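Each chain, written out:
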Amino acid sequence: MNKRIYLSPPHMGGQEQQFIQEAFASNWIAPLGPNVDAFEKELSDMAGMAGGVALSSGTAAIHLSLKYLGVGPGDHVLCSTFTFSASCNPIVYEKAIPVFVDADAESWNMSPAALEKAISDLNKKGIKPKAAVVVELYGRSADYDRLLPILDLAGIPVIEDAAEALGSTYKGRWCGSFGRFGIFSFNGNKIITTSGGGMAVANDVDALRTMRFWASQSRDPGRHYEHSQIGYNYRMSNVLAGIGRGQLRVLRDRVQQKRKIHSRYREAFGDIADIEFMPCIDGCHSNDWLTVITLKSGSAVSPDAIIDALEGHNIESRPVWKPMHLQPIFVGCPFYSQLDAGSIAENLFKRGVCLPSGTQMTESQQDQVIQLIRKIF
Ligand SMILES: Cc1ncc(COP(=O)(O)O)c(C=O)c1O
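Residues numbered from 1 in each chain as written. Predicted model: local features only at pLDDT ≥ 70, side-chain atom pairs only at ≥ 80, totals over all residues.

### Here's the deal with the overall build of the protein chain
The following threshold applies: Helix numbering and strand numbering both begin at the N terminus, where a helix is a DSSP run of H or I of at least 4 residues and a strand a DSSP run of E of at least 2. Here the radius of gyration uses the C-alpha set of atoms, whereas the globule reference equals 2.2 Å times the residue count to the power 0.38. Labels follow a simple rule on C-beta atoms placed from the backbone: if 20 or more others lie within 10 Å of a residue's own, it is buried; if 12 or fewer, it is exposed; otherwise it is partly exposed.
Counting its regular elements, the protein chain contains 12 helices and 15 strands. Over its C-alpha atoms the protein chain spans a radius of gyration of 21 Å, differing by no more than 12% from the 21 Å that the globule rule assigns to 377 residues. The dimensions of the protein chain, computed from C-alpha atoms along their principal axes, are 70 × 60 × 35 Å. Among the 377 residues that make up the protein chain, the fraction classed as buried is 51%.

### A few points about the nonpolar core
Soluble globular proteins tend to bury their nonpolar side chains together. Which entries qualify depends on this criterion: For the purposes of this analysis, a nonpolar core is taken to be any set of buried Ala, Val, Leu, Ile, Met, Phe, Trp, Tyr and Cys residues that are connected through C-beta atoms within 7 Å. Throughout the structure description, domain borders are defined by an automatic or database domain assignment. Distance between backbone-placed C-beta atoms decides contact: two residues are in contact if it is within 7 Å.
Counting residues in hydrophobic clusters, the biggest one holds 112 residues, and the most contacted among them are L55, V77, V101, V133 and A200. Residue contributions to this core peak at 6 residues, all from helix α3 (residues 58-68). Inspection of this core shows a minimum of three residues originating in each of domain 1 (16-250) and domain 2 (252-376). Sequence-distant contacts of V133, defined by excluding residues within four places in its chain, comprise I62, V77, C79, S80, S87, C88, I159 and D161.

### Quick word on the site of the ligand
This is how it is decided: A molecule or strand has a residue near it when that residue's C-beta atom, placed from backbone coordinates, lies within 6 Å of it. Any residue outside Ala, Val, Leu, Ile, Met, Phe, Trp, Tyr, Cys, Pro, Asp, Glu, Lys and Arg is labelled polar, Gly included; the first ten of those are nonpolar and the last four are charged.
Around the ligand sit 14 residues, and of these S57, G58, T59, A86 and S185 come closest. Partitioned by chemical class, the residues of the shell around the ligand number 4 nonpolar, 8 polar and 2 charged.

### Quick look at α3
Most of α3 is tucked away: 10 of the 11 residues are buried. Considered for burial, the residues of α3 that qualify are G58, T59, A60, A61, I62, H63, L64, S65, L66 and Y68. Count one or two residues on from α3 and you reach G70, which has phi positive near 85°.

### A short note on the packing of helix α10 (residues 303-311) against helix α12 (residues 363-376)
Threshold: Every angle, taken between N-to-C directions, lies between 0 and 180 degrees, and every axis is a line fitted to C-alpha atoms, over only the stretch in contact when it is a helix. An angle below 35 degrees is read as roughly parallel, one above 145 as roughly antiparallel, one from 65 to 115 as roughly perpendicular, and any other as oblique. By convention, the crossing between two helices is left-handed when the near helix turns anticlockwise from the far helix through less than a right angle, and right-handed when the turn is clockwise.
Running from amino to carboxyl end, α10 crosses α12 at an angle of 135°, the nearest separation of the two axes being 10 Å. In this view, α10 runs oblique relative to α12, as classed from their interaxial angle. Of the two possible hands of crossing, α10 and α12 adopt the one that is right-handed. Residue-level contacts link A305, I306, A309 and L310 of α10 to V369, L372, I373 and I376 of α12. Broken down by class, the residue content of the contact of α10 with α12 amounts to 8 nonpolar, no polar and no charged.

### Some details on the sheet that holds strand β7 (residues 173-174)
Put simply, the test is: Following DSSP output, two strands are said to pair if at least two bridges run between them.
Spatially, the 3 strands line up as an open sheet ordered β7-β6-β11, and their pairing is antiparallel. In the strand order of this sheet, the two ends are held by β7 and β11 (284-285), each with one partner. Across 2 bridges, the pairing between strand β6 (residues 169-170) and β11 is antiparallel. Bridged to T169 within β11 is H285.

### A look at the packing of α3 against helix α7 (residues 205-215)
Packing of α3 against α7 brings their axes to within 10 Å, and their N-to-C directions diverge by 120°. One way to sum up the angle between α3 and α7 is to call them oblique. For the element pair α3 and α7, the recorded crossing hand is right-handed. Contacts between α3 and α7 pair L64, K67 and Y68 from the former with A207, T210, M211, W214 and A215 from the latter.

### A few points about the environment of L240
Following the sequence through the fold, L240 ends up in helix α8 (residues 238-248). For L240, a count of 25 C-beta atoms within 10 Å translates into the label buried. Separated by 208 residues in sequence, L240 and L32 place their C-alpha atoms 9.9 Å apart.

### Focus on the domain arrangement of the protein chain
Per the domain assignment, the segments making up the protein chain are domain 1 (16-250) and domain 2 (252-376). One C-alpha centre belongs to domain 1, the other to domain 2; they are set 25 Å apart. Looking at the side of domain 1 that touches domain 2, its residues break down into 21 nonpolar, 10 polar and 9 charged.

### As for the environment of Q371
In this fold, Q371 is placed in helix α12. The class of Q371 is exposed, set by 11 C-beta atoms lying within 10 Å. For the pair Q371 and A268, spaced 103 residues apart in sequence, the C-alpha to C-alpha distance is 9.0 Å.

### Thoughts on the sheet that holds strand β13 (residues 318-319)
One open sheet accounts for 4 strands, arranged β10-β12-β15-β13; its pairing is antiparallel. Unpaired on one side and paired on the other, β10 (275-277) and β13 mark the two borders of the sheet. Here β13 runs beside strand β15 (residues 352-355); their pairing, made up of 2 bridges, is antiparallel. Within the sheet, the bridge partner assigned to R318 lies in β15 and is C354. Along the sheet, helix α9 (residues 251-269) makes contact with β10, β12 (291-295) and β15, crossing β12 at roughly 25°. Taken strand by strand, α10 contacts β12, β13 and β15, and its axis lies near 25° from that of β15.

What follows is the structure in structure tokens.
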């Protein structure tokens, strides 16, 4: 059996060890330290934001952003339905109610039409959503030119879940810089990784200061341990931030390599009418974190057939995210579809497959993936 080809495994750049070494040499083996401060500054500068707070995960970053926006028991929070559960789990941590919004066919991200439907229906019921979590799936930007005016008009602050979109831009601006908060993930499968970690970025430095305080157990100033608020142990360690600093230095290369992998797939499947690619809206320069294809409705080939064929050769691929409004845990939460019957997200779920997109995958490994898929057709 050949060596397993993973969907998107970690890919170290080489400089990570140097930053880790510095942490060891200075004995900053702690949550917090110079690598954490530098990682926050370096990434928020790149994103064009005033600052960032490095955390143990992207989920923690969403949680603290929601908390800062005052989300609490019984509040309603809008969230893209077509995403990973980490986008909406923190809404429930605060005992608020997720309101799921369909995707559109153009971006696969939050549908402006479904969003308008949701806001207007909730308003009729006397409900004003407290926040919106807008996701940028598989590295592709949401349609901010259309979404932000709707959300601004309704006075709803945005948390931009750019966990998968680090290094992507929309109209020249970094994904993660459009909302009150942008959040990134450095989980092992992301375009760069700290093995596990996340960051919230914002222009509101007071908000970041408060989030940093909550993330370090909400310890009030003073000699003894005094707590007047509930705290969390959410900070990133100085060792892991060292990995992050090394990884940031190769982010551009990683984006280029992911984009190359994506264009090779496009070229290779250009003559197969049943294969379509996840779209990218005008103005989006995607990091192409994962290349995602859909099979045309009515195709004789199913996503499972592709996933099974690749798995038979020790190659990992995956269905696209199962929409949140279809998850057993979120049954009963409100959902607004763009369609009168069914939903765009559900339709994409039935037809989508994520292809291996690791930046260390060789051309011959990618050719193997391509040949196996072509054989099915
Ligand atoms: C869309 C999305 N949101 C949030 C997260 C959560 O990030 P983390 O795993 O760092 O908590 C992830 C990835 O894991 C994700 O893909």
